[in-house]
Amino acid sequence: MNFMERKRVYTFGNGKAEGKADMKNLLGGKGANLAEMNLIGVPVPPGFTITTEVCSEYYELGREKVVELLKADVENAIANIEQLMNAKFGDIENPLLVSVRSGARASMPGMMDTILNLGLNDEVVEGMSRKTGNERFAWDSYRRFVQMYGDVVLGMKPTNKEDIDPFEAIIEEVKEEKGVLLDNDLTVEDLKTLVRKFKAAVKEQTGQDFPTNAYEQLWGAICAVFDSWMNDRAILYRKMEGIPAEWGTAVNVQAMVFGNMGQTSATGVCFSRDAGNGDDQFNGEYLINAQGEDVVAGIRTPQQIAKAGSQVWAERAGIPEEERAANYPSMEEAMPEIYKELDEIQTKLENHYRDMQDMEFTVQEGKLWFLQTRNGKRTGAAMVKIAMDLLHQGMIDEKNCIKPD
């Protein structure tokens, strides 16, 4: 295959995928697993993966040439998502929003950048409010997008721990003015104020208006992921882990699904076994009416997925069972049908990959979507126990028990 004929974009969605699990070097770990999950029937928001080879081209040929090479393929892949989600990218009345995430072939947690809710502007947010009948959700999504895009794409993220994130400073200022403690105590009007102030900060710091065109936003985000492969954090991490720079990162673009659309929506992370001691115990954390970053950001206290885990947590925290059940219910108790489906799929994924899985999911208005699965990191003790248990359960043989894939 010559340079011009090279396939740069691989689509997935609705049970179909152009890639599969063994294409990790080309699609990155995340992209290969998103394709594979589709092929085995796991519900995954549709999307596409731009290959790791394009990352190398980006550094060889430059941004303009790579955007030109990708343009037609990316627009066709967006059209495929639009068809599957029955929504239109950049449309005011029926908007499709997307997430843009990195995905190298070796796991690099926390090193690379993510942008959620891409495709919003002042007109689209009003359309989304009308379409969902949920003004708060629309404006909450918008303020998150402007903050993430400003941080990741427009370079407003602090470079060291001493610097204050300009967006976080604005949030704290507005919360103080309103006399509230938590982000989710802010009203719709407060969220509108945040967006206005965020955009003013972007103009002040960059000299440019915040981009309103959906495709301009998308190309900015895709290129920012490629740029993040060579940021100081990523370079240092690769040195420590022995990951070659020429491997590059893939870029995954997916239809957004929303865990912050009310009380029948949620987001969480889960593990098919205990990463600490290796017990064959499904566990994890979730938050109702939240987006993914809320679970890991420590803004709200997540609840346990399994009832047994919730009871252990409450016991350690000195919370009586009655209070736990009323105020901190597990997903097993609060969303029993979703929990049952989640449990079935995590079992399916572990059986398929023949290893403990670390998974991310979102529930949008009662529908479960899987965003990621990967072999989970674990302690040394857990590694030994999980390997022995998988051997005894007939999931791996002795060769893989001693030296797993």
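Before any of the text, the structure's been laid out above.
Residues numbered from 1 in each chain as written. Predicted model: local features only at pLDDT ≥ 70, side-chain atom pairs only at ≥ 80, totals over all residues. Heavy atoms only, no water.

### Some thoughts on a nonpolar patch on the surface
A cluster of nonpolar side chains, Met-383, Val-384 and Met-388, forms an exposed patch at the surface whose accessible area comes to about 280 Å². Counting through the fold element by element, Met-388 comes out in helix H15 (residues 380–392). (Patch = residues over 30% accessible without salt bridge, like charges linked within 9 Å, V, L, I, M, F, W, Y side chains within 5 Å. Areas by Shrake-Rupley, 256 points an atom, 1.4 Å probe, with all protein chains shown as cover. Salt bridge = Lys/Arg side-chain N within 4 Å of Asp/Glu carboxyl O. Helix = DSSP H or I, 4+ residues; strand = E, 2+ residues; numbered from the N terminus.)

### Some remarks on the sheet that holds strand E10 (residues 283–288)
With respect to topology, five strands assemble into an open sheet ordered E11-E10-E9-E12-E13, the strand pairing being antiparallel. Where the open sheet ends on each side, the last strands, each with one partner, are strand E11 (303–304) and strand E13 (367–375). Two elements, strand E12 (residues 357–364) and E13, share eight bridges in a ladder whose sense is antiparallel. By the bridge assignment, Gln-357 is partnered in E13 with Asn-375. Packed on one face of the sheet, helix H14 (residues 336–353) meets strand E9 (266–271), E12 and E13 and runs near 30 degrees to E13. (Pairing = 2+ DSSP bridges. Contact = heavy atoms within 4.5 Å. Axes fitted to C-alpha atoms, helices over the stretch in contact; angles between N-to-C directions.)

### A look at the pattern of salt bridges
One pass over the full model with this rule turns up 26 salt bridges. With its nearest N and O atoms 2.9 Å apart, the salt bridge here joins Arg-8 to Glu-57. With Arg-8 in the segment before strand E1 (9–13) and Glu-57 in helix H2 (residues 52–61), the pair connects residues that are 49 residues apart, well separated along the chain. When the shortest N-O distance is used, the salt bridge between Arg-144 and Asp-140 registers 3.1 Å. Of this pair, Arg-144 and Asp-140 both sit in helix H5 (residues 135–152), four residues apart, roughly one helical turn. Asp-140 matches Arg-144 in its accessibility class, with the two residues each being buried. (Buried < 20%, exposed > 50% of the residue type's maximum accessible area, 1.4 Å probe, protein only.)

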